[in-house]
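The chain contents come next:
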Amino acid sequence: MTLIAQISDLHVQSTGALAYGVVDTNSLVEAAIAHLNQLNPQPDLVVATGDLVQQGTLADYQQLRELLTNLRAPIYLMPGNHDQGANLRQAFADHHYLASSTDHLSYVVEDYPIRLIMLDNTLLGEKSGKLDAQRLAWLEAQLVRAPATPTLVFMHHPPFTTGIPWMDRRRLEGRDALAALIAQHRQVERVSCGHLHRVMYCRWAGTIASTQPSLVHQGFLNLQPDAASQFVMEPPAYQLHLWGNGNLVSHTVFVGNFDGPYRYSDGKKAAEPTHPAKTISGSP
Ligand SMILES: [Fe+2]
């Protein structure tokens, strides 16, 4: 069994300012790290799928580094459109995997029963993502090398249309070529992305593609064609991908203090209460 925590879109700021004048990202990330540390069992590893910081300055990454010193599980980082690769590499120079490619921060984690391909699809200074011929060739080389090993591909920008118009205005360049490549490699269990600050799943290129919630603010669900880009302070969340028995199951975990857990009862006799002392009749 391998347990992978995926966190995304942390938007840490060295200034401590509120992101967009609203979001205390540093405190929310700190709370999420404390939440991850209390998981039992602990994740084997944590992957962070981009937008690690807000401005991409070296100071931002140093702030992130300070926050991550408290994290118990090993972490693997990848950039999003808010990141600056050179500063990320400099601040995390001891994360040697970040130096495995020269022109993009892609790498492979092969220490677990499921293989993780971290595919950098960001361009410096660009909000939209792009997979050019060089990155696609790199991905193909990695997939060809282990055709029988179950594989999870992580990226920042998702390759599919969401149905939320403002999210779909800037689409991932190179997505059709990526789909053709992924469709040839049945070992790909999932293509799991960040960027949209919202959980979505769809069938894509013969596998499942998904986006993840943010540890800070969430993308607002608005399907109206003229919807403006907006965020909402729905609860921060991350995902736990559980690989075992040839299956990948993903759990969304909300960060916060919520009532419960309550023990299910048959309604005839009081079940032994958990905390707080309440029960709910019915089945799961
Ligand atoms: Fe983000």
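Worth saying up front: this structure is predicted, and the values here are computed from it rather than measured.

Participant: Is there a simple way to explain the packing of aromatic side chains in this structure?
Facilitator: Aromatic ring pairs are defined here through the distance separating the ring centres and the angle between the ring planes. Following the criterion strictly, the structure yields 4 aromatic pairs and no others. Measuring from centroid to centroid gives 5.5 Å for Tyr20 and Phe231, while their planes differ by 40°, and the two rings are tilted. Within this pair, whereas Tyr20 is found in the loop between strand S1 (2–7) and helix H1 (25–37), its partner Phe231 is found in strand S11 (residues 231–232), the two being separated by 211 residues in sequence. The class of Tyr20 is partly exposed, set by a relative accessible area of 46%. The interplanar angle of 40° and the centroid separation of 4.4 Å between the aromatic rings of Tyr97 and Tyr107 together place this pair among those described as tilted.

Participant: Is there a simple way to think about the sheet that holds strand S8 (residues 200–204) in this case?
Facilitator: Strand pairing within a sheet occurs via backbone hydrogen bonds; the two strands may be parallel or antiparallel. Strand order across the open sheet formed by 6 strands is S4-S5-S6-S7-S9-S8, with mixed pairing between neighbours. With one partner strand each, in any of the chains shown, strand S4 (107–109) and S8 form the two edges of the open sheet. For this sheet the average axis-to-axis angle between neighbouring strands, irrespective of direction, equals 20°. Here strand S5 (residues 115–118) runs beside strand S6 (residues 151–155); their pairing, made up of 4 bridges, is parallel. Residue Arg115 lies in a different strand from S6, and its bridge partner there is Thr151. Here helix H4 (residues 133–145) sits on the sheet and contacts S4, S5, S6 and strand S7 (188–193); the angle it forms with S5, its principal contact strand, is near 175°. Sheet strands in contact with helix H6 (residues 175–183) are S6, S7, S8 and strand S9 (207–211), and its direction is about 65° off that of S8.

Criteria and thresholds
Residue indices follow the written sequence of each chain, beginning from 1 at its first position. The model is predicted, so local features are restricted to residues of pLDDT at least 70 and side-chain atom pairs to those at 80 or more, both for listing and for counting; the totals for chains, interfaces and linings are taken over all residues. Derived side-chain values reflect all non-hydrogen atoms in the structure, with water molecules and hydrogen atoms excluded from consideration. Ring pairs are drawn from Phe, Tyr and Trp, using the six-membered ring of Trp, whenever the two centres fall within 6.5 Å, and their geometry is named by plane angle: stacked under 30 degrees, edge-to-face over 60, tilted for the rest. Counting from the N terminus, the helices are the DSSP runs of H or I reaching at least four residues and the strands are the DSSP runs of E reaching at least two. Throughout, exposure labels follow a simple rule: accessible area from a 1.4 Å probe, protein chains only, divided by the maximum for the residue type, with under 20% read as buried, over 50% as exposed, and the rest as partly exposed. Whether two strands pair depends on DSSP finding at least two bridges between them. As a rule, the C-alpha atoms of each element are fitted with a line to give its axis, helices using only the stretch in contact, and angles between N-to-C directions run from 0 to 180 degrees. We call two residues contacting when some pair of their heavy atoms lies within 4.5 Å.

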